Every structure is written in C-alpha cells, then in structure tokens.
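# Geometric and topological summary
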Amino acid sequence: MNNVGKAVKISDNVYWVGAVDWTTRDFHGYQTSRGTTYNAYLIMADKITLVDTVKTPFMGELLSRISSVVDPSRIDYIVSNHAEMDHSGCLPQIMDIVKPEKVFASAMGQKILESQLRIGSKITPVMNGENLSLGNMNLTFIETKMLHWPDSMFSYLKEEQILFSQDAFGMHLAVDRLFDDENVWDVLEEESEKYFANILMPYSNLIIKLLDAVGEMKLPIKLVATDHGPIWRSNIGKIIELYRKWSEHKPVPRAVVVYDTMWNSTASMANAIGEGLRESGVDFKILPMSVSHRSDVATEILKSSAIIVGSPTLNNNIFPTLADVLTYVKGLRPLNMVGASFSSYGWSGESLGQLNDCLKAMNVELVNDGIRVKYVPADADLNACMELGRLVGTTLRGKIINLNNG
Ligand code: FEO
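Here the structure is a predicted model, which is why all the values come from computation and not from measurement. (Residues numbered from 1 in each chain as written. Predicted model: local features only at pLDDT ≥ 70, side-chain atom pairs only at ≥ 80, totals over all residues. Heavy atoms only, no water.)

### Considerations on the pattern of salt bridges
Across all of its chains, the model carries 17 salt bridges by this definition. For Lys 47, the salt bridge is made with Glu 101, and the minimal N-O distance between the two is 2.7 Å. Of this pair, Lys 47 sits in the loop between β7 (41-43) and β8 (49-51) while Glu 101 sits in the loop between α3 (91-98) and β10 (102-106), and the two are 54 residues apart along the sequence. Since its relative accessible area comes to 24%, Lys 47 is described here as partly exposed. Across the pair Asp 296 and Lys 194 runs a salt bridge, and its minimum N-O distance is 3.4 Å. Note that Asp 296 is positioned in helix α9 (residues 294-303) and Lys 194 in helix α5 (residues 185-200), a separation of 102 residues in sequence. You can call Asp 296 partly exposed: its relative accessible area is 31%. Classification of Lys 194 as buried rests on a relative accessible area of 7%. (Salt bridge = Lys/Arg side-chain N within 4 Å of Asp/Glu carboxyl O. Helix = DSSP H or I, 4+ residues; strand = E, 2+ residues; numbered from the N terminus. Buried < 20%, exposed > 50% of the residue type's maximum accessible area, 1.4 Å probe, protein only.)

As structure tokens, then:
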C-alpha cells in the first residue's frame, strides 16, 4: 500500500486527502475495471475538520496526505457522511490517533458505526438541516437516507460552496488528476453511468425527490466533492441532469439480450432475436454471459428499455451464469422494462418458465410466454426467434409513441 502522498488543495481552505486504489477490480460483485479512489477532505477552518476516511488498507496514505497540511492530532472534528467500510473502515484507528473533540454522523450512521465498528458511543448524531459551526465556517448536514445506505448524508460547506456528496455523483475510477475537467468526459460519463446502474438504480424514485429538494434549497455549489472518482467542478449541471435521466428511466428504443449457451443452440436463438430487433429499428446489444460481467449487464439495462433473456436447461434449472446475473439485476429494480425469454433444452425444459418468473419478479412486462426449442433450433425456430425480436421492438416503439402522445 502507498504510505506517502501530499494533500491536493481543492479550494481556499479545503484539501483532498484521500487515497487512490489502482488495483481493485472487484467491489462487492461490481467489476471496477479502472480502479477507484476513496476520497476524504480536510477543511482548514478554525475547527479543523476531516470529512470521511478511507478503506482500512489505505490509512497510511490518508495520514500522509493530512500530515502534509497539518499534524493529524490538530484535527478537531471528523464527519462521517457514509458508514460503508470503504469510508469508515479506518475510522476507529484514526480516532485513536487524532483524538478529535467530536465525531459527527447521522442518527442512523451512529447506529451503523456501532454495529460495524463498536464506536457508536463516541459519535455525535446530527439532524437533517442541522448547522455545525466550524468557527469561521459552517457545515450543514442534508440527510440522503437510502442513497444508498440508511445513514447516508451530504455535508455542505457554505463559505466555500462545496457539497460533500459521499457516494452520490461518484464513480469507480482511479485518477491522477482530481477534477472532472482534467479527465476525459466520455470516460466520466461511462463510469458514472455504470456506478449509477450498479449502486443507485434501486433508489431511482428517491433520487428524483432528492434532486428536487436540493434544487429547491438553491445552494450555490462550486464543487461537488464525492467519495469516489474526480471532483465535479465544470460539469455539475451535466451530471445532475444525467442523474435525473437515469432515475426516470423513460422508454428508449434500445434492448439488451442476455444469454448463455451449452452447445450453441441458445446462442443461435439470441442472434436471431437480435436480427428481429434490428428489423424493428431498435438498437440492441447482445451480452453472452460466458464473456460478460453482471455489472456491465446492469449498465446495459440502464441504457435500455427491453431485456430479453435466454438459457439452456441444465439439470432442471437455468444456467448458473443466468441465475447469477438475474439475481443481481432483480435487486437493482430497473423501471419501465418490457421483455421476453427464450430457451433451449433436451428433455425437461424448465428454464423458460424459470426465466419468465425471474422477469416477472423484476416487474418486466412480458410480450408473450417466450420461445422454447428442443435441442438444436431449426429454421422455423429461428424465424420464430426473429419474430420475437420484432415483437419486442414494436412493443417498445408503441410504448414510446404512447408516452410521447400522453
Ligand atoms: Fe463508497 Fe457506499 O460506499
């Protein structure tokens, strides 16, 4: 681990003192192909304040960056905006070193920090809207419950117009340059979208309410300092609009086909369905699970309004890779999807019904009962698959027309 590093000044009196994780490729099941950062911030107010900490193995890097500005023992306050371990893991050790006057978290944060780290008795809970005086500056707390944990909150530093947004607006992206405009926009958009799909999609309705509520507060915001990836400086409006778009998940003419195959029968069906989608004028992506990651499927679902899933029957069940991805995306609760299933089988053929059950559990609107083919699809079967693709495409187009007319 890296135990050296200097703070980066991000405004007159605020420093980034986080850690860059160039190595990680897995974040509890989410493939982090470009690493990540664990951001923490040091506010050099009369009351010196640390906002969030880092994942435990990166504590040395955090301390080194803090020490380049101030002796860590001079920190007065610590704020825990989010209790998940990548931001609180080393909080007990940091508290032992710093011996802060107070550590603040939301009321739920206090409970979670007790359950996880047994430090609840040392936490001062704060309320939604509460103002904390740092002497010459002020920090206001804004609860963001279930975005994405029950404890989550924002902190707003009025004098420097910084919104410390914890996971929100973040992304898993290891960077050498800290600001959004020092990085490539397309990469930021891609990784933000992936982050939203895999972490925030289940809470889309709450996000719309939060965006409205924060908008009504009319806070002047110069920086959105997230807990992962770059700090937003030049594209704040753009990322907020993208969050609204992703949260609403309005119908678009795009579908994703997700399948796995044993002897290429289900693969042939998937490709024929793709041809039908193409004929209906709907964009699509086919993701074979033998070479696709569940977190990329989640991202494609966020981009799409139809999901078509296919699996062979293996020992009376759907293929393990389909069980994995469908369990994962069911938990992400995508909105406003249409869909269909297809399967191949040899003798028992339970997978089609199981796939349909999975889609129904996701509240996907099925266009029909799906297609099941014994052993290898014949030409007529492939034609039926193309017809299924066309049906999904026309159903989707109908929904879009209805929405636009409604
Ligand atoms: Fe980055 Fe929810 O932790």
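### Here we look at the sheet that holds strand β13 (residues 138-143)
The strand order across the open sheet formed by five strands is β12-β13-β14-β15-β16, and the pairing between neighbours is mixed. The two strands at the open ends of the sheet, each matched to only one other strand, are β12 (131-133) and β16 (223-226). Between one strand and the next, the sheet's axes are offset by a mean angle of 25°, whatever the strand orientation. Bridge analysis of strand β15 (residues 162-166) against β16 gives four bridges, and the strand direction is parallel. Bridge pairing in β16 places Ile 162 opposite Leu 223. (Pairing = 2+ DSSP bridges. Axes fitted to C-alpha atoms, helices over the stretch in contact; angles between N-to-C directions.)

### Some remarks on the nonpolar core
Across soluble globular proteins, nonpolar side chains have a tendency to be buried as a group. Val 17, Leu 50, Leu 62, Ile 94, Phe 169, Tyr 243 and Leu 326 are the most contacted members of the largest nonpolar core, which has 84 residues in total. Each of two domains, domain 1 (8-248) and domain 2 (256-397), supplies a minimum of three residues to this core. If we ignore the near neighbours within four places in the chain, the residues touching Ile 94 are Leu 50, Thr 53, Met 59, Leu 62, Leu 63, Ile 78 and Lys 99. The next biggest cluster of nonpolar side chains, apart from the first, holds 27 residues, and it includes Val 51, Leu 139, Phe 179 and Ile 231. (Core = buried A, V, L, I, M, F, W, Y, C linked by side-chain atoms within 4.5 Å. Domains from an automatic or database assignment. Contact = heavy atoms within 4.5 Å.)

### Examining the sheet that holds strand β2 (residues 14-16)
If you trace the seven strands from one edge of the open sheet to the other, you get β1-β2-β7-β8-β9-β10-β11, paired in mixed fashion. Looking at strand neighbours, the two that pair on one side only are β1 (8-11) and β11 (123-126), the edges of this open sheet. On average, adjacent strands in this sheet sit at an angle of 25° to one another, irrespective of strand direction. Of the pairings in the sheet, the one linking β1 to β2 comprises three bridges and is antiparallel in character. Considered in β2, the bridge of Lys 9 is made with Tyr 15. Helix-sheet contacts for helix α4 (residues 107-117) involve β10 and β11, and the interaxial angle to β10 is about 110°.

### What about the domain arrangement of the protein chain?
Here the protein chain is partitioned into domain 1 (8-248) and domain 2 (256-397). Measuring from the centre of the C-alpha atoms in domain 1 to the corresponding centre in domain 2 gives 38 Å. In this complex, domain 1 contributes 16 residues to the contact, which on the side of domain 2 involves 16 residues. Between domain 1 and domain 2 the total buried area reaches about 1300 Å² when both faces are included, carbon and sulfur atoms providing 55% of it. Together, Asn 198, Met 201 and Pro 202 form the three largest contributors to the area buried by domain 1 at its contact with domain 2, with a combined 38%. Across the domain 1-domain 2 interface, the total number found is two salt bridges. Our enumeration of links across domain 1 and domain 2 arrives at seven residue pairs in polar contact (both at pLDDT 80 or more). Counting residues per element, the ones that place at least two in the side of domain 1 that touches domain 2 are β5 (30-31), α5, α6 (204-217) and α7 (236-248). Per-element accounting of the side of domain 1 that touches domain 2 gives the leading share, five residues, to α5. Residue classes in the side of domain 1 that touches domain 2 are distributed as seven nonpolar, six polar and three charged. (Buried area = accessible area lost by both parts, 1.4 Å probe. Polar contact = N/O pair within 3.5 Å; in protein donor to acceptor, adjacent residues only side chain to side chain. Nonpolar A, V, L, I, M, F, W, Y, C, P; charged D, E, K, R; others polar.)

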